[in-house]
Amino acid sequence: MSRPKNQNYKGHGLSKGKEREQRAPIRFKTALMNTLMDVLRHRPGWVEVKDEGEWDFYWCDVSWLRENFDHTYMDEHVRISHFRNHYELTRKNYMVKNLKRFRKQLEREAGKLEAARCDFFPKTFELPSEYHLFVEEFRKNPGITWIMKPVARSQGKGIFLFRRLKDITDWRKDTRNSDDQKDDIPVENYVAQRYIENPYLIGGRKFDLRVYVLVMSYIPLRAWLYRDGFARFSNTRFTLNSIDDQYVHLTNVAVQKTSPDYHPKKGSKWMLQRFRQYLTSKHGPQAVETLFRDMDNIFIKSLQSVQKVIISDKHCFELYGYDILIDQDLKPWLLEVNASPSLTASSQEDYELKTCLLEDTLHVVDMEARLTGREKRVGGFDLMWNDGPVSREEGPPDLSGMGNFVTNTHLGCVNDRKKQLRQLFCSLQVQKKASS
Amino acid sequence: MLQEESDLSLIIAQIVQKLKGSNLYSQLERQAWASLQRPEIKLESLKEDIKEFFKISGWEKKLQNAVYSELSVFPLPSHPAAPPEHLKEPLVYMRKAQGNWEKRILKSLNSMCTELSIPLARKRPVGEQKELLNKWNEMGTDEPDLSLFRPVYAPKDFLEVLINLRNPNYENGDSLSFRTHLGLIQVPLKVKDIPELKECFVELGLNTGQLGIDDSTQVPPELFENEHVRIGQKVLAEQDSAAAQQYIRQGSPTALRAELWALILNISSEPEDVLYYEQLKTNVIQHDLLVDSLIYKDVKLTASNDDYYFVFEDYLYQVLLCFSRDTSVLSHFAYNSASPPKSYIRGKLGLEEYAVFYPPNGVIPFHGFSMYVAPLCFLYHEPSKLYQIFREMYVRFFFRLHSISSHPSGIVSLCLLFETLLQTYLPQLFYHLREIGAQPLRISFKWMVRAFSGYLATDQLLLLWDRILGYNSLEILAVLAAAVFAFRAVNLMEVTSLAAAEAVLADLSTLKVMPLLQIFLFATVT
């Protein structure tokens, strides 16, 4: 890994290499106090280290990463839960840039049709730098609605909708002339994005999907897709008439929690299995298959677009929360990617989902060195991309592009993870015994 | 022989009488007239040619479905001289009990009305009408003050009534014998035992493929599922009600369920039906009924708090408010032991000319009523179709779950069936629960009254309701209730109080319905 930048580096990890005792405890550290803490504390053979102790595994937050990653030395086996420059994927303006560049490259290499498969991101312009481009696009499509999002904030803060340029020229003036605006506070970057006006509605309500993708490395690209996830519903009925009603349009639970209609007893969430069943009963299995294939496409293309930019450190892994919106034509759109998806549980069901998600994440990270590395499924995670598409079928992949290639993803399908884990670890034990 | 023939001709006459007033009749007439233009219809053989035409064009199938529907819904007359009350309920003591129960409900409703000084019905001022029309698709956002309203009754009140039901001609005797029934229900109705149930539910057997079992991930679809889906598509193409009912006994594929149910219930969305629904909607806009507040309260208390059904809150209002005003529902009281409550115009109490049915459809909602509609929202998204399906489900099945009758699918029989199954096949469990003061029926009653809606996971519930439609009977609810107890028997044997027993059975959302039923009926040593 990187050489220490100065003498004050902190060394982490056990000094011994291969003679590591099988029973040596795995020392973990995390600042989060929610489901993650529960999962880590209950994991057999893992002990918590506090403060300045040495650790083997750190589920850090992004601010720590920014300040400390560059001058931290890590042993080979040490794992940390973020990539150094994950913001290439998660900050809205960078993601747009990377995706646009990737799309151009794809068009050069594989033609317009293939490039069109990158059109899952609504047209976005960075402000203030692309203001003029934005105005041009705005004028070309009069009357449509746009959404303004701050680049770096989360939980729905600072977002508003608009239809007239006047709304944002006013806003620009406000932010420029505001007395509170001192020179040392940086002007925030925003993106203006085309608002999807025909979202798919269930019960008259708008919703978005939260899907979990685990990336173990970028070069080569290895990504896992979790079978469970949920649909988050807006509390109020969807209508384009009330642009100012933030509660209608933003489905983040954080925003919904402050809505006067919010009743905590109401989950406002559907598990993906329920969502998938609902769609199947309404549209039939083929249409739903196509929708989920399109979503797979979103995950993979978005990761590929930042593959060359992200510093692929072997110590790093990352669990992303993808936010997807479905429109009335059953086309999925990518809203954003979260590097730190919320791990706090809003209900019992939510708690179970996140607990299982984190347990399986730790299984895949495999600090205990139990896996062979050839597994296609671990608990609720299916290996979606392994330096190439992964097929559901056994045997060598059929790369000719013909034949019935079915990707190894099962989003919204049955998640019999306990059984699978039992079988997996049993067979691994047997293999180990056989080879020793 | 002669008796059967005259019975048959009586039935035919009745069905013809009923269908003559229906939409289908006028449609067939129109079709027959129109067909005269066709070249193959010749004057010499007019009757045969038209019949042939009907066969080919699918109209005969429609007629067949309508007849089948009538046969399924209307009970056959037992004797030509039987008075109409016998069609509602042949046993006098049951009729009396139902009448008394209704008096109580109405009293409760009237007293709430006087307490709150709210009229049973009032015409809305124009401003309010406009507002409601605008908000029609999002009535759930309304937060009226419902704190003063109470549901008219809850299932447990009804249970108390059933427990006190007695047949005056039947002497139980003080001495206990092996014939004594140890449960809560003490009326002697004939219920099936497991061998009879096995015969009745033969398609649920171990050797027959089932959706809910044989479509699980471990079973390759070629073994059963693919073929079953293919047959389902064929049944839909043929548009045959009877075939669909037979088919659905093995479960319905998710993608075909909405259409299959519509076919079995013989619902086709004609423009007249949509118009009828719109008319009901207008009635809702123009008049406000006291029961509307009861409906609001019920939805807010039950469906809105459910993790999965909260999304459909608005649909529930749209269906239930219209349902209260639908006078066509009154026709089901011909075979329902209940009778619609009557109310009198102010100041004219007792004068029959001033009596109206209240609510207009004669059905007073109770706590949990909206849960009958909620699962249907999963399948039907167009309000008038959703409405029709719910109405048909109500007048075929759901009404039996809250009226006192001796019908084998009535709630009394279901309770007795449940208790008898438990007492006969799980005697140790039954005795233990009874000893600790946790009579099993006290726990399972609410499941059966709601047809398990809100207790099971939705996909499991729909598989269960598939079978209700397939067998045209609600007995499967009692069998499932017993099967649930059998499944959790080990835990139940260890509890020592009613509260603890309730806790063991509080969460049914992880249960898989079909394996439970199959094991209980076919794989348990009897």
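- Identification of chain B as TBC1 domain family member 19 from Aotus nancymaae is taken from an unreviewed UniProt entry.

- Chain A is annotated in an unreviewed UniProt entry as Tubulin--tyrosine ligase-like protein 9 from Aotus nancymaae.
- UniProt's Sequence similarities (unreviewed entry) comment on chain A is quoted here verbatim: "Belongs to the tubulin--tyrosine ligase family."

So, the overall build of chain B
- Looking only at helices and strands, chain B features 24 helices and four strands.
- Computed over C-alpha atoms, the radius of gyration of chain B comes to 24 Å, within 12% of the 24 Å expected from 2.2 N^0.38 for 526 residues, which places it in the range of a compact globule.
- The principal-axis extent of the C-alpha atoms belonging to chain B is close to 80 × 65 × 50 Å.
- Excluding contacts between residues fewer than 6 apart, the proportion of contacts in chain B whose partners are at least 24 apart in sequence is 77%.
- Summed over its atoms, the accessible surface of chain B is roughly 24,600 Å², and 56% of this surface lies on carbon and sulfur atoms.
- One finds the centroid of the 50 positive side-chain charges in chain B at a distance of 5 Å from the centroid of its 61 negative side-chain charges.

Some remarks on the overall build of chain A
- Within chain A one finds 13 helices and 18 strands.
- In chain A, which comprises 436 residues, the share counted as buried stands at 52%.
- Pairs at least 24 apart in sequence give 69% of the contacts found in chain A among residues at least 6 apart.
- Summed over all atoms, the accessible surface of chain A reaches about 21,300 Å², with 51% contributed by carbon and sulfur.

Considering helix 1 (residues 35–42) of chain A
- Residues of helix 1 of chain A that are buried: Thr-35, Leu-36, Met-37, Val-39 and Leu-40 of chain A.
- Where helix 1 of chain A is buried, its residues meet strand 2 (26–30), strand 3 (46–48), strand 4 (57–59) and helix 12 (348–365) of chain A.

Observations regarding the nonpolar core
- Of all hydrophobic cores here, the largest spans 254 residues; its most connected members are Trp-270 and Tyr-320 of chain A together with Phe-390 and Ile-411 of chain B.
- By size, the runner-up hydrophobic cluster in this structure holds 14 residues, among which are Met-148, Ile-168, Tyr-190 and Ala-192 of chain A.

So, the confidence of the model for chain A
Residue and element names in this part refer to chain A.
- The share of residues in chain A with pLDDT of 70 or more is 79%, and the mean pLDDT across the chain is 80.
- Taken element by element, the predicted model of chain A shows its lowest mean pLDDT in strand 1 (residues 10–12) (43) and its highest in strand 15 (residues 318–326) (94).
- Contacts from residues 178–186, a stretch scored under 50 in pLDDT, to residues over four places away or in other chains number four contacts.

Side note on the packing of aromatic side chains
- In the structure shown here, the tally under the stated rule is 58 aromatic pairs over all chains.
- An angle of 15° between the planes, with centres 6.2 Å apart, marks the rings of Phe-312 of chain B and Tyr-315 of chain B as stacked.
- According to the relative accessible area criterion, Phe-312 of chain B is buried, its value standing at 0%.
- Its guanidinium or amino end placed over the ring of Phe-425 of chain A, Arg-370 of chain A lies 4.0 Å from that ring's centre, counting from NZ or CZ.

Quick notes on the environment of Arg-396 of chain B
Residues and elements named next belong to chain B.
- Within the secondary structure, Arg-396 is located in helix 16 (residues 383–396).
- Residue classification places Arg-396 among the buried residues on the basis of a relative accessible area of 7%.
- Distance in space between the C-alpha atoms of Arg-396 and Val-73 is 6.0 Å, their sequence separation being 323 residues.

Notes on the pattern of salt bridges
- Enumeration according to the criterion identifies 46 salt bridges over all chains in this entry.
- Among the ionic pairs, Arg-103 of chain A bridges to Glu-107 of chain A, the shortest N-O distance being 3.6 Å. Pair noted here: Arg-103 of chain A and Glu-107 of chain A are both in helix 4 (residues 92–110), with a separation of four residues, about one helical turn.
- According to the relative accessible area criterion, Glu-107 of chain A is partly exposed, its value standing at 28%.
- For Glu-160 of chain B, the salt bridge goes to Arg-442 of chain B, with nearest N and O atoms at 3.1 Å. Here Glu-160 of chain B, found in helix 8 (residues 155–163), pairs with Arg-442 of chain B, found in helix 19 (residues 440–449); they are 282 residues apart in sequence, far enough to count as distant.
- The exposure class assigned to Arg-442 of chain B is partly exposed, which follows from its relative accessible area of 34%.

Brief notes about the confidence of the model for chain B
Residues and elements named next belong to chain B.
- Residues with a pLDDT of 70 or more make up 94% of chain B, whose mean pLDDT is 86.
- Taken element by element, chain B is modelled with least confidence in strand 3 (residues 342–344), mean pLDDT 74, and with most confidence in helix 21 (residues 475–487), mean pLDDT 95.
- As a predicted assembly, this complex carries a pTM of 0.82 together with an ipTM value of 0.74.

Concerning the interface of chain A and chain B
- Chain A puts 26 residues into the contact, and the matching count from chain B is 26 residues.
- Across the chain A to chain B interface the summed buried area is about 2,300 Å²; carbon plus sulfur atoms make up 54%.
- If you sort the residues of chain A by the area they bury against chain B, Arg-237, Arg-274 and Ser-281 of chain A come out on top, with a joint share of 28%.
- Counting across the interface, chain A meets chain B through one salt bridge.

What about the packing of helix 7 (residues 126–134) of chain B against helix 13 (residues 271–286) of chain B?
Residue and element names in this part refer to chain B.
- Orientation of helix 7 relative to helix 13, taken along the N-to-C sense of each, is 135°, at an axis distance of 8 Å. On the basis of their axis angle, the class for helix 7 and helix 13 is oblique. In this structure, helix 7 uses Gln-129, Leu-132 and Leu-133 to contact helix 13, whose residues at the interface are Lys-281, Val-284, Ile-285 and Gln-286.
- Residue composition of the contact of helix 7 with helix 13, by class: four nonpolar, two polar and one charged.

Remarks on the side chain of Arg-377 of chain A
Residues and elements named next belong to chain A.
- If you trace the backbone, Arg-377 turns up in strand 17 (residues 377–378).
- There is a polar contact of 3.0 Å between the side chain of Arg-377 and the side chain of Asp-416.
- Setting aside its immediate chain neighbours within four residues, Arg-377 contacts Trp-224, Arg-227, Asp-382, Asn-415, Asp-416, Arg-417, Gln-420 and Leu-424.

Regarding a nonpolar patch on the surface
- Where nonpolar side chains cluster on the molecular surface, the patch consists of Trp-33, Leu-36, Leu-43 and Leu-46 of chain B and spans about 460 Å² of accessible area.
- The residue Leu-46 of chain B is located in helix 3 (residues 46–57) in this model.

Things to note about the environment of Leu-182 of chain B
Residue and element names in this part refer to chain B.
- Along the chain, Leu-182 falls in the loop between helix 8 and helix 9 (194–200).
- When its relative accessible area of 21% is taken as the criterion, Leu-182 is described as partly exposed.
- Along the primary structure Leu-182 and Tyr-372 are separated by 190 residues, whereas in three dimensions their C-alpha atoms are 31 Å apart.
- In this structure Leu-182 touches Gln-423, Phe-430, Arg-434 and Gln-439, once residues within four positions along its chain are discounted.

Quick look at the sheet that holds strand 8 (residues 146–150) of chain A
Residue and element names in this part refer to chain A.
- The four strands lie next to each other as 7-10-8-9, forming an open sheet whose pairing is antiparallel. In the strand order of this sheet, the two ends are held by strand 7 (124–127) and strand 9 (160–162), each with one partner. If you compare each strand with its neighbour and ignore which way they point, the axes differ by 25° on average.
- Relative to strand 10 (residues 190–194), strand 7 runs antiparallel, the two being bridged by four bridges. If you follow Phe-125 over to strand 10, its bridge partner there is Ala-192.
- Along the sheet face, helix 4 touches strand 7, strand 8 and strand 10 and points at about 130° away from the line of strand 7.

Regarding the pairing of strand 18 (residues 381–386) of chain A
Residue and element names in this part refer to chain A.
- Within strand 18, five of the six residues are buried, which leaves the element mostly enclosed by the surrounding structure.
- Across two bridges, strand 17 lies against strand 18 in antiparallel orientation. Across the sheet, Arg-377 pairs through a bridge with Asp-382, a residue of strand 18.
- With antiparallel pairing between neighbouring strands as the criterion, strand 17 and strand 18 make up a hairpin whose turn holds two residues, including Gly-379 at a positive phi of roughly 65°.

Things to note about a positive patch on the surface
- On the surface, Lys-100, Lys-104, Arg-108, Lys-123 and Arg-194 of chain A cluster together into a positively charged patch.
- A per-element tally of the positive patch places helix 4 of chain A first, with three residues.

Some points on helix 6 (residues 92–116) of chain B
All names here are of chain B.
- For helix 6, built from 25 residues, the straight-helix expectation of 36 Å at 1.5 Å per residue is met to within 8% by its first-to-last C-alpha distance of 36 Å.
- Listed as buried for helix 6 are Tyr-93, Met-94, Ala-97, Gln-98, Trp-101, Ile-105, Leu-106, Leu-109, Met-112, Cys-113 and Leu-116.
- Of the residues one or two after helix 6, Ser-117 is the one with positive phi, at around 45°.

Conventions adopted
- Residues numbered from 1 in each chain as written.
- Chains lettered and ligands numbered in written order.
- Predicted model: local features only at pLDDT ≥ 70, side-chain atom pairs only at ≥ 80, totals over all residues.
- Heavy atoms only, no water.
- UniProt positions renumbered as here; feature names shortened; annotations may be inferred.
- Helix = DSSP H or I, 4+ residues; strand = E, 2+ residues; numbered from the N terminus.
- Rg over C-alpha atoms; globule rule 2.2 N^0.38 Å.
- Contact = heavy atoms within 4.5 Å.
- Areas by Shrake-Rupley, 256 points an atom, 1.4 Å probe, with all protein chains shown as cover.
- Lys, Arg positive; Asp, Glu negative; His and termini not counted.
- Charge placed at Lys NZ, Arg CZ, Asp CG, Glu CD.
- Buried < 20%, exposed > 50% of the residue type's maximum accessible area, 1.4 Å probe, protein only.
- Core = buried A, V, L, I, M, F, W, Y, C linked by side-chain atoms within 4.5 Å.
- pLDDT = per-residue confidence, 0-100.
- Phe/Tyr/Trp six-rings, centres within 6.5 Å; stacked < 30°, edge-to-face > 60°.
- Lys NZ or Arg CZ within 6 Å of the ring centre and 35° of its normal.
- Salt bridge = Lys/Arg side-chain N within 4 Å of Asp/Glu carboxyl O.
- Buried area = accessible area lost by both parts, 1.4 Å probe.
- Axes fitted to C-alpha atoms, helices over the stretch in contact; angles between N-to-C directions.
- Parallel < 35°, antiparallel > 145°, perpendicular 65-115°, else oblique.
- Nonpolar A, V, L, I, M, F, W, Y, C, P; charged D, E, K, R; others polar.
- Polar contact = N/O pair within 3.5 Å; in protein donor to acceptor, adjacent residues only side chain to side chain.
- Patch = residues over 30% accessible without salt bridge, like charges linked within 9 Å, V, L, I, M, F, W, Y side chains within 5 Å.
- Pairing = 2+ DSSP bridges.
- Expected span 1.5 Å × (residues − 1).

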